Amino acid sequence: MRAVDIIIKKRDGKVLTEQEINFFIENYTTDEIPDYQASAWAMAVLLNGMTAEETTYLTLAMANSGDRLDLSGVVDIAVDKHSSGGVGDKTSIAVVPMVRACGLPVGKMSGRGLGFSGGTLDKLEAIPGFRTDLSKDEFLSQLGSLGMVLTGQSMDLAPADGKLYGLRDVTGTVQSIPLIASSIMSKKIAAGAQAIVLDVKVGNGAFMENLDQARELANLMVSIGELSGRDVAALLSDMNQPLGVAVGNAIETKEAIQTLRGEGPADFEEHCLEIASHMLLLGKRAETKAEARRLAEDAISSGSGLEYLKKLVQAQDGDVRVIDHPEMLPEAPVKTVIEAQESGTIAEVHARTVGETAVVLGAGRMKKGDSIDPAVGISVMVKVGDAVEIGQPLFVIHARSDDAVEEAKQQLKNAVKIVKEEVAPLPLFYGLVD
Ligand code: URA
């Protein structure tokens, strides 16, 4: 078998066999197939799609590229969650400790920033020392001792996804239903949790821009999960405006900490409570949605979620002082406020433009392996439906330099639309697929 023939077959819109997909992924994992061939193949998949069967083979090939964890010897049940990617989505950092504080173990493998969307690993690495490369043995031992793990791919856990994910980020090959579904589900299958809540984002700041695409992605992931014997539920959530206030790595981590203190933005807190409730339900920690919701609320009001975040940071070698002193997180030297030029109602805060501007400021990557700047980002001070007065802050830009501020200002110019009539707030969720 030759990689080039598999690329040509996909380029010509044909269906790949299980053997061809396994060959491609196995050899890409071991570097026999170089990045340039994998890029061409990913572009062919993006342009020509994959059948549900091909996507399932791809998911399993990537899940099998390293070890697949069996958590049954460590915990009775563990729950996992994953977002399909959005702007300002720091949910995992708040929700993993919240759910653990409610007595349900969580074993989660996250990703890095992807295109305009941020990644949990990059956000957590804003905490000095925090390790996101736990080995399989470390994953299992921490899940057993602490009941909670939040790590990334390593050489022994879904390495094929780790490599392909980094490549897709910088080759324009993110927005593909089969590539997203297999990327997410391979990590979930490798990490071994029996119950998985998926947060499928829809809107201009998501990879799925309309509800039909989001439903298709959700259905595909739920059925791949079922085929692998997992309980999966997918929530469809809004990503037409950034979630919460902060967009950028350190500022998002700070916002997750504030939310666990009960001082977070209302939309982000509500989003976390909903995701946590579904995790508690699916993980059988609660019998009804109302009971799950009450447990999740208690994890914030009692401070137990915050305590568990401290334990997580400590267990993964991070500087635990940042939890009580988030001001110790990296801070950008230049901060500039962008003000409203007119009064009226906010009709749009274009999430993708905000995400792309954060990448230009240095919060994301332009090419594979680029380092990112944890300190930079954008605080989004308004939501759709808010009334604003002329001169009121719309954004705060956190930048490395005045030049970077100027560039960001240009990009953000048309990100907010202000109108004279009333505008209804956007919903947080559009439905559930289970
Ligand atoms: N999250 C992932 O893990 N993979 C994707 O492809 C998109 C979002």
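Before reading on, note that the structure itself is shown above.
Residues numbered from 1 in each chain as written. Predicted model: local features only at pLDDT ≥ 70, side-chain atom pairs only at ≥ 80, totals over all residues. Heavy atoms only, no water.

Attention now moves to the overall build of the protein. Helices and strands together make up the secondary structure of the protein, namely 17 helices and 13 strands. For the protein, whose C-alpha radius of gyration is 21 Å, the value lies close to the compact-globule estimate of 22 Å for 434 residues. Here the C-alpha coordinates of the protein stretch approximately 65 × 45 × 40 Å along the principal axes. Within the span of the protein, comprising 434 residues, buried residues form 59% of the whole. In the protein, of all internal contacts separated by at least 6 residues, the share reaching a separation of at least 24 is 77%. Roughly 16300 Å² of accessible area belongs to the protein as shown, and the carbon and sulfur atoms make up 49% of that amount. (Helix = DSSP H or I, 4+ residues; strand = E, 2+ residues; numbered from the N terminus. Rg over C-alpha atoms; globule rule 2.2 N^0.38 Å. Buried < 20%, exposed > 50% of the residue type's maximum accessible area, 1.4 Å probe, protein only. Contact = heavy atoms within 4.5 Å. Areas by Shrake-Rupley, 256 points an atom, 1.4 Å probe, with all protein chains shown as cover.)

With that settled, consider the side chain of Lys383. Locating Lys383 in the fold gives a position in the loop between strand 9 (377–380) and strand 10 (387–388). Separated by 2.8 Å, the side chain of Lys383 and the backbone oxygen of Gly244 make a polar contact. Those residues in contact with Lys383 that lie beyond four places of it in its chain are Gln241, Pro242, Leu243, Gly244, Asp267, Ile346 and Val349. (Polar contact = N/O pair within 3.5 Å; in protein donor to acceptor, adjacent residues only side chain to side chain.)

As enumerated under the stated definition, the model contains 33 salt bridges in all. Arg131 is paired through a salt bridge with Asp133; the nearest N and O atoms lie 3.1 Å apart. Across the salt bridge formed by Arg352 and Glu209, the nearest N and O atoms sit 3.1 Å from each other. With Arg352 in helix 16 (residues 351–363) and Glu209 in the loop between strand 4 (195–202) and helix 10 (211–227), the pair connects residues that are 143 residues apart, well separated along the chain. Since its relative accessible area comes to 16%, Arg352 is described here as buried. Its relative accessible area of 45% is what places Glu209 among the partly exposed residues. Connected through shared salt-bridge partners, Arg112, Asp122, Glu125 and Arg365 make up one network. (Salt bridge = Lys/Arg side-chain N within 4 Å of Asp/Glu carboxyl O.)

Further remarks concern the site of the ligand. By nearness alone, every residue bordering the ligand is listed as His82, Ser83, Ser84, Leu114, Tyr165, Arg168, Ile180, Ser183, Ile184 and Lys187. Interatomic distance of 2.9 Å between a side-chain N/O atom of His82 and an oxygen atom of the ligand. Side-chain polar atom of Lys187 to an oxygen atom of the ligand: 2.6 Å apart, as the coordinates give it. For the ligand, the accessible surface in isolation is 240 Å², of which the surrounding protein chains cover 98%. Among the elements of the structure, strand 1 (79–83), helix 8 (159–169) and helix 9 (177–191) are those that each provide at least two residues to the shell around the ligand. Across the shell around the ligand, the residue classes tally to four nonpolar, four polar and two charged. (Near = heavy atom within 4 Å. Nonpolar A, V, L, I, M, F, W, Y, C, P; charged D, E, K, R; others polar.)

Even without a glycine there, the phi angle at Ala158 is positive, about 45°. Topologically, Ala158 is positioned in the loop between strand 3 (148–151) and helix 8. Given a relative accessible area of 0%, Ala158 falls into the buried group. For Asp317, which is not glycine, the phi torsion reads 65° and is therefore positive. In this fold, Asp317 is placed in the loop between helix 14 (304–315) and helix 15 (321–324).

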